[in-house]
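Next come the chains, spelled out residue by residue.
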Amino acid sequence: MSDEGSLRDEFGLRMGKFFIFLGFLLFIAFSLTDQAGQPDFDYFFSSLISLALGFYLRRSAPKPPPAERFRTLRKWQAKRKAKQSRE
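Now for a look at the structure at hand. (Residues numbered from 1 in each chain as written. Predicted model: local features only at pLDDT ≥ 70, side-chain atom pairs only at ≥ 80, totals over all residues. Heavy atoms only, no water.)

Counting across every chain of the model gives six aromatic pairs. Between Phe-27 and Phe-30, the aromatic rings sit 6.2 Å apart at their centres with planes inclined by 45 degrees, giving tilted as the arrangement. With Phe-27 and Phe-30 both in helix H1 (residues 4-35) and three residues apart, the pair spans about one turn of that helix. Since its relative accessible area comes to 38%, Phe-27 is described here as partly exposed. Classification of Phe-30 as buried rests on a relative accessible area of 12%. Judged by centre distance (5.1 Å) and plane angle (45 degrees), the ring pair of Phe-30 and Phe-44 falls under tilted. You can see Phe-30 sitting in helix H1 and its partner Phe-44 sitting in helix H2 (residues 41-60), a full 14 residues away along the chain. Owing to a relative accessible area of 24%, Phe-44 belongs among the partly exposed residues under this scheme. Ring pairing ties together the aromatic residues Phe-27, Phe-30, Phe-41, Phe-44 and Phe-45, which thus form one cluster. (Phe/Tyr/Trp six-rings, centres within 6.5 Å; stacked < 30°, edge-to-face > 60°. Helix = DSSP H or I, 4+ residues; strand = E, 2+ residues; numbered from the N terminus. Buried < 20%, exposed > 50% of the residue type's maximum accessible area, 1.4 Å probe, protein only.)

Here the focus is the side chain of Ser-47. Positionally, Ser-47 belongs in helix H2. Apart from the residues within four sequence positions on either side, Ser-47 is in contact with Gly-23, Leu-26 and Phe-27. (Contact = heavy atoms within 4.5 Å.)

If you want it as structure tokens, here you go:
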């Protein structure tokens, strides 16, 4: 089982993504009302609040561990360099 801290961090990341997505949707709704000639600023201010909250939640979560991609290639390169330096 995962510990409670990692679940809370994952929840914060997911909620941050949700609020960022919601903020963009609300901004699109505001843009559409503005194009219709009847701007509804409630959508605009709601989008700003949602985006700010989403970025705050995403930023407050700890950074993920570095990816271990290409580790085999890095090992081969290190062995190759070591072999070349011996010659």
